[in-house]
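Listed below are the residues making up each chain.
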Amino acid sequence: TIKRQAGTTLLPVSTLFRCRIFPGAVIGRLVRAFSAVEPRGKDNKPEKRTEERRSDILAEVARAVSRNDLKKGIKTVREGLKTWPDSHELYGWYGVILLRSDKPDKALPYFRKAISLSDKTPEYHNGAGYSLLYTGKTREAVVEFKRSLKIEPRFVDSLAGLGYAY
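These notes cover the structure that comes with them. Computed from a predicted structure; not experimentally measured.

Rules used in this analysis
Position numbers for residues start from 1 in each chain and track the written sequence from start to end. Totals for whole chains, interfaces and linings use all residues, but because this is a predicted model, local features are given only for residues with pLDDT of at least 70 and pairs of side-chain atoms are given and counted only at 80 or more. To get the side-chain values, take all heavy atoms of the structure and skip hydrogens and water. To obtain each axis, a line is fitted to C-alpha atoms, and for helices this fit is confined to the stretch in contact; angles are then taken between N-to-C directions over 0 to 180 degrees. Segments assigned H or I by DSSP are reported as helices when at least four residues long, segments assigned E as strands when at least two residues long, and all are numbered from the N terminus. Convention used here: angles under 35 degrees read as roughly parallel, angles over 145 as roughly antiparallel, angles from 65 to 115 as roughly perpendicular, and any remaining angle as oblique. By definition, turning the near helix anticlockwise from the far helix through less than a right angle yields a left-handed crossing, and turning it clockwise yields a right-handed one. Residues count as neighbours in contact if any of their non-hydrogen atoms are within 4.5 Å of one another. For this classification, the nonpolar set comprises Ala, Val, Leu, Ile, Met, Phe, Trp, Tyr, Cys and Pro, the charged set comprises Asp, Glu, Lys and Arg, and every other residue, Gly included, is treated as polar. Relative accessible area decides the class of each residue, using a 1.4 Å probe on protein chains only: under 20% of the type maximum gives buried, over 50% gives exposed, and in between gives partly exposed. Should a side-chain nitrogen of Lys or Arg be within 4 Å of a carboxyl oxygen of Asp or Glu, the pair is scored as a salt bridge.

### Structural notes on the packing of helix 7 (residues 122-134) against helix 9 (residues 156-165)
- Running from amino to carboxyl end, helix 7 crosses helix 9 at an angle of 20°, the nearest separation of the two axes being 10 Å. Overall, the two elements helix 7 and helix 9 adopt an arrangement that is roughly parallel. For the pair helix 7 and helix 9, the sense of crossing is left-handed. Contact residues: helix 7 offers N126, Y130 and L133, while helix 9 offers D157, S158, A160, G161, Y164 and A165.

Below, the structure written as structure tokens:
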């Protein structure tokens, strides 16, 4: 297992290299970060254990993606977006799943949405960079990889993306 700043643990290195787009760091950051959206019940009062429910949904998506069960991952993300429509994590996950499904053109709008909700998350810029790179938009991909590196200069996935682009 690899370690990153502040003791955050990401996926095992072997997982990173099984995927052609190196989404391990994307997955690790998405599991950690949570949005501040608090859904409300029918009585317009905050639902109990909202944070736990959101955490469970994100963990379920992470498990599905790590097992390469992308259909279950998409189903879980869609269910989560019904409750948390402003969740940058869920939009980021949707983008990751579509990239893993070899649909980079469909992944890009989800990464763009995640960026619009949380523009200081380098993984979203990285995902957008790979989406652009795989659709042949190399110059735009370089811009996104550089944005990611501006936020986190030693972000290996973005450095690799720049290498592929050049």
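### A short note on the packing of helix 6 (residues 104-117) against helix 7
- Helix 7 packs onto helix 6 with a crossing angle of 155° between their chain directions and a minimal axis gap of 8 Å. One way to sum up the angle between helix 6 and helix 7 is to call them roughly antiparallel. Remark: the crossing between helix 6 and helix 7 carries left-handed chirality. Contacts between helix 6 and helix 7 involve P104, A107, L108, F111, R112, A114 and I115 from the first element and Y124, H125, G127, A128, S131, L132 and Y134 from the second.
- Of the residues that constitute the contact of helix 6 with helix 7, the class distribution is 10 nonpolar, 3 polar and 1 charged.

### Things to note about the side chain of S118
- The topology assignment puts S118 in the loop between helix 6 and helix 7.
- Residue class for S118 comes out buried when judged on its relative accessible area of 15%.
- In contact with S118, not counting residues within four places along its chain, are H88 and Y124.

### Focus on the pattern of salt bridges
- Across all of its chains, the model carries 3 salt bridges by this definition.
- For E60, the salt bridge is made with K72, and the minimal N-O distance between the two is 3.3 Å. Remark: K72 occurs in helix 4 (residues 70-83) and E60 occurs in helix 3 (residues 50-66); sequence separation between them is 12 residues.
- A residue is classified by how much of its surface remains accessible, and E60, at 26% relative accessible area, is partly exposed.
- Salt-bridge contacts for R147 lead to E144; the nearest nitrogen and oxygen are separated by 2.9 Å. Residue R147 and its partner E144 are both found in helix 8 (residues 138-151); the two are separated by 3 residues, about one turn of the helix.
- What emerges from the salt-bridge pattern is a single network uniting R112, E144 and R147.

Functional significance is not addressed by these values, which are geometric in nature.
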